[in-house]
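One letter stands for each residue in the lines below.
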Amino acid sequence: MKITEAVAEAVRPTVEALGYELDEVEYQKEHGNWVLTLYIESPNGISLDDCEKVSRAVDPILDEADPIQDAYYLSVSSIGIDRPLKKDKDYARNIGNKLDVKLYAPINKKKEFCGTLLSYDEKAFTVALIGKGGTADGEMTIARKDAALVRPHIDFE
């Protein structure tokens, strides 16, 4: 079992008992140190106090389960407003929202699109394209394997 899976299995019940969802677990080297990051979410959003509460609750669980042999830093974070869509639940959460889509290879000589997510399944997703000036520009279905990056669009107004 991978470290991230073992950690998720060990801490998920506690995270959920506190009223949060454990979205993802990452274990990677950052600036020469190992960092274990738990990404949590909640319908009410995530504050710094929420991250601290989860960190304090899971720390003794991780000490007891001891799924990581190396020294590491524990980090608890929200998934972020611009977190890439990877899983079905990410797509479900973003139905009706604007997305920025970057493709591996161009379609109609373009590799980047902005559109409103209309639907998705395990293989593809459909967006209502938004053209220049915010006008509707048709619909496009894109295979998930062809998308290099799909993330929520953020308007800076």
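Below: a short report on this structure.

### Quick notes on the pattern of salt bridges
- With the rule as written, the count across this model stands at 13 salt bridges.
- What emerges from the salt-bridge pattern is a single network uniting Glu24, Glu26, Arg83 and Lys86.

### Quick look at the sheet that holds strand 3 (residues 73-78)
- Reading across the sheet, the 3 strands line up as 1-2-3 and stay open at both edges, with mixed pairing between neighbours. Edge positions in the sheet fall to strand 1 (21-30) and strand 3, since each has one partner strand and no second. Shown here is a sheet whose adjacent strand axes are inclined to one another by a mean of 20°, direction ignored.
- Of the strand pairs in this sheet, strand 2 (residues 33-41) and strand 3 are connected by 6 bridges, and their pairing is parallel. Following the sheet pairing, Tyr39 is matched in strand 3 by Ser77.
- Across the face of the sheet, helix 1 (residues 3-17) comes into contact with strand 1 and strand 2 while running at roughly 140° to strand 1.

### What about helix 1?
- The end-to-end C-alpha distance of helix 1 is 22 Å, a good match for the 21 Å that 15 residues give at a rise of 1.5 Å each.
- Turning to helix 1, its buried residues are Val7, Ala8, Val11 and Val15.
- Where helix 1 is buried, its residues meet strand 1, strand 2 and helix 2 (48-65).

### Regarding the packing of aromatic side chains
- For the structure on display, the rule yields 4 aromatic pairs.
- Plain terms: the ring middles of Tyr27 and Tyr72 are 6.5 Å apart, the flat faces sit at 80° to each other, and that makes the pair edge-to-face. Separated by 45 residues along the polypeptide, Tyr27 in strand 1 and Tyr72 in the loop between helix 2 and strand 3 bring together distant segments of the chain.
- Residue classification places Tyr72 among the partly exposed positions, given a relative accessible area of 24%.
- Ring centres 5.5 Å apart and planes at 40° place the aromatic pair Tyr91 and Phe125 in the tilted group. Here Tyr91 is found in helix 3 (residues 88-93), whereas its partner Phe125 is found in strand 6 (residues 124-130), with 34 residues between them in sequence.
- With relative accessibility at 0%, the residue Phe125 sits in the buried group.
- Feature note: the residues Tyr27, Trp34 and Tyr72 constitute an aromatic cluster, connected by ring pairs.
- Note that Arg83 overlies the ring of Tyr39, its terminal NZ or CZ placed 4.1 Å from the centroid.

### Points about the side chain of Asn94
- Relative to the elements of secondary structure, Asn94 occurs in the loop between helix 3 and strand 4 (98-107).
- With sequence-adjacent residues up to four places away left out, Asn94 is seen in contact with Leu85, Leu99, Leu117 and Pro152.

### Describing the environment of Arg144
- Among the structural elements, Arg144 can be located in the loop between strand 7 (136-143) and strand 8 (147-152).
- Using a relative accessible area of 16% as the deciding quantity, one classes Arg144 as buried.
- Taking the C-alpha atoms as reference points, Arg144 and Leu38, 106 residues apart in sequence, are found 25 Å from one another.
- Aside from chain neighbours lying at most four places away, what touches Arg144 is Lys86, Lys87, Asp88, Tyr91, Tyr120, Asp121, Glu122, Lys123, Ala124 and Phe125.
- One polar contact links the side chain of Arg144 to the main-chain carbonyl oxygen of Asp121, over a distance of 2.7 Å.

### Details of the nonpolar core
- Formed by 17 residues in total, the largest nonpolar core has its most connected members in Val7, Val11, Val15, Leu22, Leu36 and Leu38.
- Taken together, the elements giving at least two residues each to this core come down to helix 1, strand 1, strand 2 and helix 2.
- For Leu38, the contacting residues outside a window of four places in its chain are Val7, Val11, Leu22, Glu24, Val25, Val58, Leu74, Ser75, Val76 and Ser77.
- Ranked by size, the runner-up nonpolar core spans 14 residues in total, among them Tyr91, Val101, Leu103 and Met140.

What counts as what
The written sequence of each chain sets the order in which its residues are numbered from 1. Per-residue local features of the predicted model are confined to residues with pLDDT of at least 70, and side-chain atom pairs are confined, for both listing and counting, to 80 or more; whole-chain, interface and lining totals are unaffected and use all residues. Only hydrogens and water are set aside when side-chain values are computed; all heavy atoms of the structure are taken into account. The salt bridge criterion pairs a side-chain nitrogen of Lys or Arg with a carboxyl oxygen of Asp or Glu, the two atoms within 4 Å. At least two bridges found by DSSP between two strands are what make those strands a pair. Only DSSP runs of H or I reaching four residues or more are called helices, and only runs of E reaching two or more are called strands; each is numbered from the N terminus. Axes here refer to lines fitted to C-alpha atoms; in helices the fit is confined to the stretch in contact. Angles between the N-to-C directions go from 0 to 180 degrees. Throughout, a residue-residue contact means that at least one pair of heavy atoms, one from each residue, lies within 4.5 Å. Here a helix's expected span is defined as the number of its residues, less one, multiplied by 1.5 Å. Burial classification: accessible surface area is computed with a 1.4 Å probe over protein chains only, and a residue below 20% of its type maximum counts as buried, one above 50% as exposed, and the rest as partly exposed. Working definition: a ring pair exists when centres of Phe, Tyr or Trp rings (six-membered ring for Trp) sit within 6.5 Å. Plane angles under 30 degrees give stacked, over 60 give edge-to-face, the rest tilted. We count a charge as sitting over a ring when the NZ of a lysine or the CZ of an arginine lies within 6 Å of the ring centre and within 35 degrees of the ring normal. Whenever a nitrogen or oxygen atom comes within 3.5 Å of another N or O atom, the pair is scored as a polar contact, on the condition that within protein one atom can donate a hydrogen and the other can accept it, and that pairs from neighbouring residues in sequence are kept only if both atoms are in side chains. Nonpolar cores were defined as sets of buried Ala, Val, Leu, Ile, Met, Phe, Trp, Tyr and Cys residues, with membership established by side-chain atoms within 4.5 Å.

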